[in-house]
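A look at the structure
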Amino acid sequence: MSTENLPQSPAAQPRKPRVAVVFGGRSSEHGISTVTAGAVLGAIDRTKYDVLPIGITRDGRWVLTADEPQRMAITDRRTPEVLDVAESTEGGVVLPVDPANREVVYSEPGAVPKALGEVDVVFPVLHGPFGEDGTLQGLLELSGVPYVGSGVLASAVGQDKDYMKRVFTSFGLKVGPYVVIRPREWQRDESAARKRIVDFAGEHGWPLFVKPARAGSSIGITKVDDLSGLDEAIAEAQRHDPKIIVEAALSGRELECGVLEFEDGPRASVPAEIPPPSAHAYYDFDAKYIDSTPGVVPAPLTDEQTAELQRLAIEAFEAASCEGLVRADFFLTDDGEFVINEINTLPGFTPISMYPKMWEASGVGYAELVDRLIQAALRRPTGLR
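Residues numbered from 1 in each chain as written. Predicted model: local features only at pLDDT ≥ 70, side-chain atom pairs only at ≥ 80, totals over all residues. Heavy atoms only, no water.

**Here we look at the domain arrangement of the protein chain**
Worth spelling out the cut-off: Domain extents, as shown, originate in an automatic or database domain assignment.
In terms of domains, the protein chain is made up of domain 1 (18-147), domain 2 (158-175 + 250-363) and domain 3 (178-248). Relative to domain 3, the C-alpha centre of domain 2 lies at a distance of 23 Å.

The following block contains the structure:
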């Protein structure tokens, strides 16, 4: 019997890819990560993707949060917390470590665990240790879940300023003078470790910048003008990371360039310049996020300087085996030489952050930028690649 005249069942609609936006975390950058999550959640095309917001509290618990980006903004000079938008303080989210099962489970004490459905891609907007440094990326690799941004190695290298500079140097990129004090060195002989810094200052001069080796957003950094401020600066850096790095100040202009993975490979944005903030000693956390010190986009460079900076940004991206996105920070010294300071594999991504601003000036708006990052992650397999 012919079936062509019988009523036909409607074709099942293909499921939209599901994006888990993971934010917060255990690092000192918890608050700015939450701000970034609000911006990303507000920009994701809901006609194209389903979204699952997952927050990680400061003590490391994974919780479901409200999908309400407007509640994740800086208010009265205060950054938001995951707990401000958590659906419950009792329940927890579990991502199974099983490549054959991408289903996220939610459980509360005394209740039957609830399946929340499969996740197709994770968009991590975590900054700092326990998120940006390869730890989350390793978990997602074990789970077989694609994710936005660099893999385990590049994330770890991009988080540790010591090994980052070693990698860049091995690829012929110019870095500034620095010295690293590791925790065992400090514990074994504090006076000898301190003397290494003093000797470094004697060789390269003051001021110095004392930094946590594995932190970002300019948190824990102190500009030290003379010996009297050194001990306090070391203590502040060690409050965020037992491993510290001390860098010589470079005389020149501070520049940034964004790198984004397109279908045909990484491309560089127009560069930006960070002018010295008038109300701050340097471009610190408050200058970046609270007082929103504006950068100059595009940076006033010659065509030749722009092309060279873009080339070096992509070279740094490739040197560290990065994927997805990177913000590369440079100095243009007074003698006309580009010196790379660092890369960020998950850079600041709020609407006022320099990475999206540079891409907006390059013709890629915020919503398109978010979409391109998700699509790049969906194209890329997990595992060795």
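**Things to note about the packing of helix α7 (residues 190-204) against helix α8 (residues 230-240)**
Here is the rule we go by: Note on geometry: axes are lines fitted to C-alpha atoms, helical ones only across the stretch in contact, with angles between N-to-C directions running from 0 to 180 degrees. What counts as a helix is a DSSP run of H or I of at least four residues, what counts as a strand is a run of E of at least two, and both are numbered from the N terminus. Here is the rule for handedness: rotate from the far helix to the near one, and if that takes an anticlockwise turn smaller than a right angle the crossing is left-handed, while a clockwise turn gives right-handed. Contacts: residue pairs with any heavy atoms within 4.5 Å of one another. Three categories are distinguished: nonpolar for Ala, Val, Leu, Ile, Met, Phe, Trp, Tyr, Cys and Pro, charged for Asp, Glu, Lys and Arg, and polar for the others, with Gly belonging to the last.
Across the interface, α7 lies against α8 with an axial gap of 12 Å and an inter-helix angle of 115 degrees. In the packing of α7 onto α8, the handedness of the crossing is right-handed. Taking contact as the criterion, the partners of Arg 194, Ile 197 and Val 198 in α7 are, on α8, Leu 230, Asp 231 and Ile 234. Considered class by class, the residues forming the contact of α7 with α8 number four nonpolar, no polar and two charged.

**Quick look at the UniProt feature "binding site: Mg(2+) 2" (unreviewed entry) in the protein chain**
Using the following cut-off: UniProt positions are given in the numbering used here, feature names are shortened, and annotations may be inferred rather than shown by experiment. To sort residues, take the accessible area from a 1.4 Å probe on protein chains only and compare it with the maximum for the residue type: under 20% means buried, over 50% means exposed, and anything in between is partly exposed.
The feature "binding site: Mg(2+) 2" (unreviewed entry), as given by UniProt, occupies Glu 342 and Asn 344 in the numbering adopted here. Structurally, the position occupied by Glu 342 is in strand β16 (residues 338-344). Checked against the element boundaries, Asn 344 lands in strand β16. The exposure class of Asn 344 is buried, given its relative accessible area of 12%. Sequence-distant contacts of Asn 344, that is, excluding residues within four places in its chain, are made with Glu 132, Leu 325, Val 326, Arg 327 and Asp 329.

**A short note on the pattern of salt bridges**
Proximity of charged atoms lets side chains of opposite charge pair with each other. Note the following rule: Just to be clear on terms, a salt bridge is a Lys or Arg side-chain nitrogen sitting within 4 Å of an Asp or Glu carboxyl oxygen.
Under the counting rule described, the total for this entry stands at 34 salt bridges. Of the charged contacts, one joins Arg 46 and Asp 67 as a salt bridge, the two residues approaching to 2.6 Å between their closest N and O atoms. Within this pair, whereas Arg 46 is found in the loop between α1 (30-43) and β2 (50-56), its partner Asp 67 is found in the loop between β3 (62-64) and α2 (82-85), the two being separated by 21 residues in sequence. Judged by relative accessible area, Arg 46 falls into the partly exposed class, the value being 34%. Overall, Asp 67 belongs to the partly exposed group, its relative accessible area being 34%. Ionic pairing is found between Arg 380 and Glu 323, a salt bridge with its closest N-O pair at 3.4 Å. Separated by 57 residues along the polypeptide, Arg 380 in the segment after α12 (366-379) and Glu 323 in the loop between α10 (303-319) and β15 (325-333) bring together distant segments of the chain.

**Examining the sheet that holds strand β5 (residues 103-107)**
In any sheet, the strands associate via hydrogen bonds between backbone groups, in a parallel or an antiparallel arrangement. Convention followed: By the convention used here, strands pair only if DSSP detects at least 2 bridges between them.
On the basis of which strands lie adjacent, the open sheet formed by three strands has the order β4-β5-β6 and antiparallel pairing. A strand with exactly one partner marks an edge of an open sheet, and here the two such strands are β4 (92-94) and β6 (114-118). In this sheet, adjacent strand axes meet at a mean angle of 25 degrees when their direction is disregarded. Bridge analysis of β5 against β6 gives three bridges, and the strand direction is antiparallel. Directly across from Val 105, in β6, lies its bridge partner Ala 115.

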